[in-house]
Amino acid sequence: MNQLVLNKRLPKKHKKIQLVTYLNADSVIADQFRTIRTNLKFLMEEKKSRVFLITSPGENEGKSTTVANLAVSIAQQKEKVLLIDANLRNSMLHQVFKIQNQTGLTDVLKGAISLKQAITFTDIGKLDILTSGPDVSNPTEILGSNDMASLLHDVADMYDIVLIDSPTILKSTETRVLANQCDGAVLVLHRGKTEMDKAVEAKRILDLAHANLLGVIINEK
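Predicted model, so just to flag it, every value in this text is computed and none were measured.

A. Just the side chain of Ser166, in detail. Note on placement: Ser166 falls in the loop between strand S6 (161-165) and helix H9 (173-181). Judged by its relative accessible area of 0%, Ser166 falls in the buried class. In this structure, Ser166 is in contact with Leu53, Ile54, Thr55, Lys63, Ala86, Asn87, Thr175 and Leu178, ignoring residues within four places of it in sequence.

Written out as structure tokens, the structure reads:
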């Protein structure tokens, strides 16, 4: 679908196993994530990229599980990683990692707490997580704000790599804004579920947003 070969078909067990890169690091699935990690590392070295957005055309295509496992895989190589849950409409990362979500990204953007206070530090390598925080009525406005742009600029200097779990691209306007602010975007597709016309439309929208679409990750049926 695009330039960089991130295309890796993750076996169907991927949907059932949450943090397989942490719980079963020797598995075939974990090895696939290491390949994706390597591709991203090359890109970082070539273009000095640090902030990557992970999105999908629609719901239930494995986006959150994919970005969580990718973050773990990178952190296991002693890279300093920040994983941000910017899916304010349907946040999942606090459930994947089984951590609290009473405070998070929305609190930081509203100026209620500092970034340091909002970040959850894990025992998985150098992986830090910024959960979504309390629900807001205006996700598009808050994620498209100057405060969000400033936050991304700040964390890019603080971490080796920043991964963002965003809302789906076809239904959420804020994903287009976020994609434009990131160094690159990756589409997660679900083999047997994602319709080709939806995938093509997702790419078209990212192009219109002047996002740097790097490639796709394909989940098996």
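Here the narrative resumes.
B. Region of interest: the nonpolar core. Core analysis: the biggest nonpolar cluster contains 39 residues, and Ile84, Leu105, Leu143 and Leu151 have the highest contact counts within it. Looking at which element gives the most residues to this core, the answer is helix H8 (residues 146-158), with five residues. Each residue touching Ile84, except ones within four places of it in the same chain, is listed here: Leu93, Leu105, Leu130, Leu151, Leu152, Val162, Leu163, Ile164 and Asp165. In terms of nonpolar packing, the next biggest core, distinct from the first, is built from 30 residues, Phe33, Ala75, Leu83 and Leu127 among them.

C. Focus on empty space enclosed by the protein. Scanning the model with the defined rule gives one cavity of 30 Å³ or more in all. Put simply, the largest cavity is a space of about 30 Å³. Looking at the lining of the largest cavity residue by residue, the class counts come to three nonpolar, four polar and one charged.

D. Representation of H8. Here H8 spans 19 Å end to end across 13 residues, near enough to the 18 Å set by a 1.5 Å rise per residue. Every buried residue of H8 is listed here: Met148, Leu151, Leu152, Val155 and Ala156. End-on, the buried residues of H8 take up no more than an arc of 135°, which puts them together on one face. Structural note: H8 exposes Asn146, His153 and Asp157 on the side pointing more than 90 degrees away from its buried face.

E. Focus on the pattern of salt bridges. Enumeration according to the criterion identifies four salt bridges in this entry. We note a salt bridge from Asp165 to Lys63, for which the minimum N-O separation is 2.8 Å. Taken as a pair, Asp165 in strand S6 and Lys63 in helix H3 (residues 63-75) lie far apart in primary sequence, 102 residues in all. The same class applies to Asp165 as to Lys63, namely buried. In this structure, Glu201 engages Arg204 in a salt bridge whose closest nitrogen and oxygen atoms are separated by 2.7 Å. Of this pair, Glu201 and Arg204 both sit in helix H10 (residues 196-208), three residues apart, which is roughly one turn of that helix.

F. Quick look at the environment of Asp85. Along the chain, the position of Asp85 falls in strand S3 (residues 80-85). By relative accessible area, which is 0% here, Asp85 ends up buried. Once the C-alpha coordinates of Asp85 and Asp165 are considered, the two residues, 80 residues apart in sequence, prove to be 5.0 Å apart. Here the side chain of Asp85 touches Leu93 through a polar contact of 3.1 Å, landing on its backbone nitrogen.

G. Region of the structure containing the confidence of the model for the chain. Per-chain confidence: the chain averages 86 in pLDDT, with 87% of residues scoring 70 or above. Under a pLDDT of 50 for its full length, residues 1-17 has, in the predicted model, 56 contacts with residues more than four places off or in other chains.

H. View of the pairing of strand S2 (residues 51-55). Most of S2 is tucked away: five of the five residues are buried. Burial along S2 is two-sided: the face carrying Val51, Leu53 and Thr55 and the face carrying Phe52 and Ile54 are both buried. Sheet analysis places S2 next to S6, joined by four bridges and oriented parallel. Looking at S6, one finds that Ile54 is bridged to Asp165. Sheet analysis places S2 next to strand S7 (residues 184-190), joined by four bridges and oriented parallel. Its bridge partner being in S7, Leu53 is matched across the sheet by Ala185.

I. Focus on the pairing of strand S8 (residues 213-219). Counted residue by residue, S8 has seven buried out of seven residues, so it is predominantly covered. Where S7 lies against S8, six bridges are found, and the strand directions are parallel. Looking at S8, one finds that Leu189 is bridged to Ile218. Note that the unit made of S7, H10 and S8 has a crossover that is right-handed.

Parameters at a glance
- Per-chain numbering applies: the sequence of each chain, read as written, is numbered from 1 onward.
- Owing to the predicted nature of the model, reporting of local features is limited to residues with pLDDT of at least 70; listing and counting of side-chain atom pairs is limited to 80 or more, with chain, interface and lining totals taken over all residues.
- Hydrogens are left out, water is left out, and the side-chain values use all remaining heavy atoms of the structure.
- Under the DSSP-based scheme used, a helix requires at least four consecutive residues in state H or I and a strand at least two consecutive residues in state E, with every element numbered from the N terminus.
- Note on classification: 1.4 Å probe, protein chains only; a residue is buried when its accessible area is under 20% of the maximum for its type, exposed when over 50%, partly exposed between these limits.
- Here, residues are in contact when the closest pair of their heavy atoms is within 4.5 Å.
- Put simply, a nonpolar core is a bunch of buried Ala, Val, Leu, Ile, Met, Phe, Trp, Tyr and Cys residues held in one set by side-chain atoms that sit within 4.5 Å of each other.
- A pocket here means an open set of points on a 1 Å grid, computed over the protein atoms alone, that has protein on both sides within 12 Å along at least five of seven lines. A cavity is instead a set of points where a 1.4 Å probe fits but cannot get out; residues with an atom within 4 Å of a point line either one.
- Grid points are joined across faces, edges and corners, and a volume is the space filled by probe spheres set on the points.
- In the scheme used here, Gly and all other residues not listed as nonpolar or charged are polar, with Ala, Val, Leu, Ile, Met, Phe, Trp, Tyr, Cys and Pro taken as nonpolar and Asp, Glu, Lys and Arg as charged.
- Expected span, for any helix, means 1.5 Å times one less than how many residues it has.
- The arc in question is formed by the directions pointing from the helix axis toward the C-beta atoms.
- Salt bridges, as used here, are contacts in which a Lys or Arg side-chain nitrogen is within 4 Å of a carboxyl oxygen on Asp or Glu.
- Throughout this description, a polar contact denotes any pair of N or O atoms lying within 3.5 Å of each other; where both atoms belong to protein, one of them has to be capable of donating a hydrogen while the other can accept it, and for residues adjacent in sequence the pair is counted only when both atoms sit in side chains.
- The pLDDT score gives, residue by residue, the confidence of the prediction method on a 0 to 100 scale.
- Two strands are said to pair when DSSP picks up at least two bridges between them.
- Handedness of a crossover is defined as follows: with both strands directed away from the viewer, a clockwise route from the first strand across the helix to the second makes it right-handed.

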